[in-house]
Amino acid sequence: MDAYIDGNEAAFRALFERYGPILLRLTRRHLRNDELAEEIVQQTFFRLHGARNDFRRGSKLRPWVMTIAMNLVREHWRRTKRRKMTSLEVDTRAAPEADFMPIELRQRSELLHVALERLPASQREVVELHWFQERPYAEVAKIVGTSEGAVRVRAHRAYTTLKQLLVSEIRGDE
Amino acid sequence: MTSGSERPEEGLGERLRELDATDSPGSEAQMDRMFTDMKARCDKNDRTLTGFLRSRSTMARRLIVLSVFSVLGFAGWFAFPLIGDNARTVPWTASLVTFCVLLVVAMFMVTRPVHLPALPRWQSVCMACVAVGATVLAAFWPYPAAQAATHDHTGGVVVGACMGAGLLLGVPVYALLRLVDRGNAFGSLVAASAAGLAGNFVLKAHCSVPGTSHELLGHASVALLFVVGLGLVHRVTQKPT
């Protein structure tokens, strides 16, 4: 990032190559729409480019891009007001890479998406950052703009719900 | 994935890992195309005034806005006659100070860095309500009787003139704040509130027509029109991400 602020264009590409795939997975999990996920990733880097002069040299870039991306995802949800209740029925329409995946894998992926969709947005983003992005609670709290205690409570509730939705399904498999 | 005692129970953890393994990151060609598109957008934006202003550091953007506000405020203060000495009461001064403080708060909200969590929606809505509320409240603080007696308040025309002037004065404030806004949610609503406050500040300082009805219809309506009008326009024209 320091090289990029100094005007090194190649450094921008290196940042995109490093964080782009991570953000793409993140946004896909939230939005279940490849086109929209791509747009949000591009918009994240567009905003990062605009905000580069705010970056403190030597600090971590990951929380920055995560916060920008999560803000955009939240803004998207707010705009579309898409908080529809979904069931655990398997729906393969929007599954990523659906055409190339065996049916069983596709169904697993879909199951995860549907389970995550059943969580409130505030819990889903905590699971996303804590579990999938492997961020500690303190960092998650900074990214979502709340206290660490509140993040722990959200995570606990989210994992309890996910366990009910997903682990009971494992027993069904067995 | 997550460390020690913080991780969810093993059964769930394994299940999440297993289900997530099917989701692949983007291919190299896809990432390359995305980067090219995004870079072109950045380059195009860098060549515009908006892009230039928005890419300044947050400190610089705030200084730019404060400087413009100060210059306009001082120029207006000395260029146009203030209301009479006997009308410069404590409530009048308090109104001006309140408008100034709210204007600065709105400016801080609009120029909030994008790498910080977005402000909750209620704070922006609250800002708009407080801005309109302050202008309405200011209209109920009475002028001294001596000042009121010197005016024959004719209503309609003067109200229209004040409203027009207030709206006109608010437009540059709104435009400036939108120019330095990096895309905060509800930034338009907060900028509209600031525009209404700026218009009311100037009217309060220079308009010597007394009367609550005049201030309500000619002054407070400016803030209301900005908030409702631009809030609605923004909502209608807002594109999905």
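For the structure, check the block above.
These notes cover the structure that comes with them. Predicted model only: the values in this text are computed from it and were never measured. (Residues numbered from 1 in each chain as written. Chains lettered and ligands numbered in written order. Predicted model: local features only at pLDDT ≥ 70, side-chain atom pairs only at ≥ 80, totals over all residues.)

## Observations concerning the overall build of chain A
Then, in step 1: Counting secondary structure elements, chain A contains eight helices and zero strands.
Then, in step 2: Starting at the N terminus and walking to the C terminus, you meet the elements of chain A as α-α-α-α-α-α-α-α.
Then, in step 3: Classification of the 174 residues of chain A by burial places 43% in the buried group.
Then, in step 4: Taking the intrachain contacts of chain A between residues at least 6 apart in sequence as the baseline, contacts between residues at least 24 apart amount to 57%. (Helix = DSSP H or I, 4+ residues; strand = E, 2+ residues; numbered from the N terminus. Buried ≥ 20, exposed ≤ 12 C-beta atoms within 10 Å, placed from the backbone. Contact = placed C-beta atoms within 7 Å.)

## Some points on the overall build of chain B
Then, in step 1: A count of helices and strands for chain B gives ten helices and zero strands.
Then, in step 2: Buried residues in chain B amount to 33% of all 241 residues.
Then, in step 3: Across chain B, the fraction of contacts at a sequence separation of at least 24, relative to all contacts at a separation of at least 6, is 86%.

## Points about helix α2 (residues 9-31) of chain A
The α-helix advances 3.6 residues per turn, and as a result positions three or four apart in sequence lie on the same side.
Then, in step 1: At A:Tyr19, α2(A) shows its largest bend, some 40°, and a proline, A:Pro21, comes one to four positions later.
Then, in step 2: Looking one or two residues beyond α2(A), the residue adopting positive phi is A:Arg32, at roughly 55°. (Bend = angle between axes of the 7 residues up to and from the residue.)

## Focus: the nonpolar core
Then, in step 1: Judged by nonpolar contacts, the single largest core of 45 residues is most densely connected at A:Val65, A:Ala69, A:Val126 and A:Val140.
Then, in step 2: Looking at this core, the elements with two or more residues in it are α2, α3 (34-50), α4 (62-80), α5 (103-117), α6 (121-132), α7 (137-144) and α8 (148-173) of chain A together with α1 (10-20) of chain B.
Then, in step 3: When residues of this core are assigned to their parent elements, the largest contribution, eight residues, is made by α4(A).
Then, in step 4: Grouped together as the second largest cluster of nonpolar side chains are 43 residues, B:Leu102, B:Leu103, B:Val173 and B:Val180 included. (Core = buried A, V, L, I, M, F, W, Y, C linked by C-beta atoms within 7 Å.)

## Looking at the packing of helix α5 (residues 90-110) of chain B against helix α6 (residues 121-139) of chain B
Residue and element names in this part refer to chain B.
Then, in step 1: For the pair α5 and α6, the least separation of the axes is 11 Å and the interaxial angle reads 165°. Relative to α6, the element α5 lies roughly antiparallel. The chirality of how α5 crosses α6 is left-handed. Contacts from Ser95, Thr98, Phe99, Leu102, Ala106 and Met109 of α5 reach α6 at Ser124, Met127, Val130, Ala131, Ala134 and Ala138.
Then, in step 2: Classifying every residue of the contact of α5 with α6 by side-chain character gives nine nonpolar, three polar and no charged. (Axes fitted to C-alpha atoms, helices over the stretch in contact; angles between N-to-C directions. Parallel < 35°, antiparallel > 145°, perpendicular 65-115°, else oblique. Left-handed = near helix turned anticlockwise from the far one by under 90°. Nonpolar A, V, L, I, M, F, W, Y, C, P; charged D, E, K, R; others polar.)

## Digging into the packing of α3(A) against helix α2 (residues 28-46) of chain B
Then, in step 1: One can describe the packing of α3(A) onto α2(B) by two numbers: an axis separation of 10 Å at closest approach and a directional angle of 40°. By the angle class used here, α3(A) and α2(B) are oblique. In the packing of α3(A) onto α2(B), the handedness of the crossing is right-handed. The residues of α2(B) that touch α3(A), namely those facing A:Glu38, A:Val41, A:Gln42, A:Phe45, A:Phe46 and A:His49, are B:Met34, B:Asp37, B:Met38, B:Arg41 and B:Cys42.

## Some details on the environment of B:Val110
Residues and elements named next belong to chain B.
Then, in step 1: As for its position among the elements, Val110 is in helix α5.
Then, in step 2: What makes Val110 buried here is the crowd of 27 C-beta atoms within 10 Å.
Then, in step 3: When the C-alpha positions of Val110 and Val190 are compared, they lie 6.7 Å apart, and in sequence the two are 80 residues distant.
Then, in step 4: Dropping the residues within four chain positions of it, Val110 is found in contact with Leu177, Asp181, Asn184, Gly187, Val190 and Ala191.

## Digging into the environment of B:Val97
All names here are of chain B.
Then, in step 1: Along the chain, Val97 turns up in helix α5.
Then, in step 2: On the neighbour-count criterion, Val97 (11 C-beta atoms within 10 Å) is exposed.
Then, in step 3: For the pair formed by Val97 and Val228, sequence separation is 131 residues and the distance between their alpha carbons is 24 Å.

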